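This is what each chain is made of:
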Amino acid sequence: METRRVKVPVATIWKSKNSPRPVDQSAVDGDVKKWVAQMTDQQSVDLSENDLLETQALFNDELIIDHFDGDWAKVYVASQKDDSDSRGYPGWVPTKLLSDQQVAYPPITATVRIAVKNAILYDTTKNPILELSLGTVLPQIGSDDKFIEVVTPLGKGYIDEAAAVLPFAGGNAGETMVEMGRQFLGMRYLWAGISSYGFDCSGFAYTLHRVLGFDIPRDADDQRDGGLPLSPEEILPGDLVFFAYDHGTGYVHHVGMYIGDGKMIESRTPGAKIDIASLTEPKFASEFAGFRRYWR
């Protein structure tokens, strides 16, 4: 089974190799930050309306190669559980965003998770290479003063140790995820997004859990099928809230994170922004489909 690693901050995984539009060239090139900044609201909405994307993968994520087709590869994102395939979330990605060969890492001492919105990866001479997203996972091989030595698809490098320290770690894991999520209030929804440059609803929940080392499925319907079911009397900040068609009995199409006082933080819908909503809002109240907890 051949695998490759993502060698750019964020690799967008497409529905097909013919999906990208002219406006999407920055994403095809691996510059998601630029891509999101230059898209209009309507161009962003069109990503979902035309079903162009599958998901995203972060720097160093492992992708299982199904096959190559020209400058593209059909892949499975191993770290993102999906009920359609045991190998992970499927899709297409430009091969230029992947390591040139399988990456074999030396023995590691720990796993480093980027816990701030963005962090700089430095080379061995401490010159900046890339801006990494919240949720990026790297193997640690040592330390140097206030830096953590890591190994990556680009070779050995360093990150500031402060980038791996949870800035909101004042309470339990659930409260930490809520506070981490609040820093993205006002950010525009991004269909299939899992990075600091934009999230969809389930990608937001997925990445907040990932930072703390909780492995949850990628999509809302799969997220609702796992975890610990909760009654309304048991819910706490950090628990997930699900919504489904057919008055809550059909397909699960949305997830938010409970923050207390009958409210949730959510990446609402294409064209909207990350906001705080009341669970009694008519649309949500009529489609409520349950609570789940993955943190502990």
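Here, residues in each chain are numbered from 1, in the same order as that chain's written sequence. Predicted model: local features are reported for residues with pLDDT of at least 70 only, side-chain atom pairs are reported and counted for 80 or more only, and whole-chain, interface and lining totals are derived from all residues. Think of the side-chain values as coming from all heavy atoms in the structure, minus any hydrogens and water.

So, about the layout of surface pockets. Lining residues are those with an atom within 4 Å of a point, where the points come from a 1 Å grid over the protein atoms alone and group into cavities, where a 1.4 Å probe fits but cannot get out, or pockets, open sets with protein on both sides within 12 Å along at least five of seven lines. Grid points are joined across faces, edges and corners, and a volume is the space filled by probe spheres set on the points. Approximately 630 Å³ is the volume attributed to the largest pocket. What lines the largest pocket is a set of 27 residues, and nearest its centre among them are Tyr189, Trp191, Cys201, Tyr251 and His253. Numbering of helices and strands starts at the N terminus; helices are DSSP runs of H or I of at least 4 residues and strands are runs of E of at least 2. Secondary-structure elements contributing two or more residues to the lining of the largest pocket are strand 3 (53–58), strand 6 (89–94), helix 5 (201–211), helix 6 (220–225), strand 17 (252–260) and helix 8 (282–287). It is strand 17 that contributes the most residues to the lining of the largest pocket, 3 residues altogether. Note that Gly is not counted as nonpolar here; it falls among the polar residues with everything else outside the nonpolar set of Ala, Val, Leu, Ile, Met, Phe, Trp, Tyr, Cys and Pro and the charged set of Asp, Glu, Lys and Arg. Along the lines of polarity and charge, the residues of the lining of the largest pocket split into 13 nonpolar, 4 polar and 10 charged. Estimated volume of the second largest pocket: approximately 340 Å³.

Okay, helix 5 next. Per-residue accessibility, obtained with a 1.4 Å probe over protein chains only, is compared with the maximum for each type, and a residue is labelled buried under 20%, exposed over 50%, and partly exposed between these values. With 11 of 11 residues buried, helix 5 lies mostly within the body of the structure. Those residues of helix 5 that fall on the buried side of the exposure criterion are Cys201, Ser202, Gly203, Phe204, Ala205, Tyr206, Thr207, Leu208, His209, Arg210 and Val211.

Our next topic: the nonpolar core. Put simply, a nonpolar core is a bunch of buried Ala, Val, Leu, Ile, Met, Phe, Trp, Tyr and Cys residues held in one set by side-chain atoms that sit within 4.5 Å of each other. Ranked by size, the top nonpolar core spans 49 residues in total, and within it Trp14, Trp35 and Leu240 carry the most contacts. Where this core is concerned, the elements lending two or more residues are strand 2 (10–14), helix 1 (25–28), helix 2 (32–38), strand 3, helix 4 (173–182), helix 5, strand 16 (240–244) and strand 17. With 6 residues, helix 5 is the largest single contributor of residues to this core. Ignoring sequence-local partners within four residues, the contact set of tryptophan 14 consists of Ser19, Pro20, Asp24, Ala27, Val28, Trp35, Leu52, Leu53, Glu54, Trp72, Gly91 and Trp92. Formed by 14 residues, the second largest nonpolar core is a distinct cluster that contains Ile13, Val77, Tyr89 and Leu98. The contact definition used throughout considers only heavy atoms, calling two residues in contact when any of these lie within 4.5 Å.

As for its placement among the helices and strands, arginine 21 is situated in the loop between strand 2 and helix 1. Assessed through its relative accessible area of 18%, arginine 21 is described here as buried. Excluding anything up to four places from it in sequence, arginine 21 contacts Met39, Gln43, Asp46, Leu47 and Leu52.

The subject of this paragraph is unusual backbone geometry. Of note in the backbone geometry, asparagine 60 takes a positive phi value of approximately 80° without being a glycine. Structurally, the position occupied by asparagine 60 is in the loop between strand 3 and strand 4 (62–69). Take asparagine 60: its relative accessible area is 4%, and that puts it in the buried class. With a phi close to 70°, lysine 126 is a non-glycine residue in the positive phi region. You can see lysine 126 is positioned in the loop between strand 8 (118–122) and strand 9 (128–133). Accessibility expressed as a relative area gives 29% for lysine 126, which makes it partly exposed.

Time to look at the pattern of salt bridges. Just to be clear on terms, a salt bridge is a Lys or Arg side-chain nitrogen sitting within 4 Å of an Asp or Glu carboxyl oxygen. Inspection of the entire model under this criterion finds 23 salt bridges. The partner of aspartate 215 in a salt bridge is lysine 81, and the shortest N-O contact between them spans 3.5 Å. You can see aspartate 215 sitting in the loop between helix 5 and helix 6 and its partner lysine 81 sitting in the loop between strand 5 (72–77) and strand 6, a full 134 residues away along the chain. Across the salt bridge formed by arginine 182 and glutamate 179, the nearest N and O atoms sit 3.3 Å from each other. Taken together, the residues arginine 182 and glutamate 179, both in helix 4 and 3 residues apart, mark about one turn of the helix.

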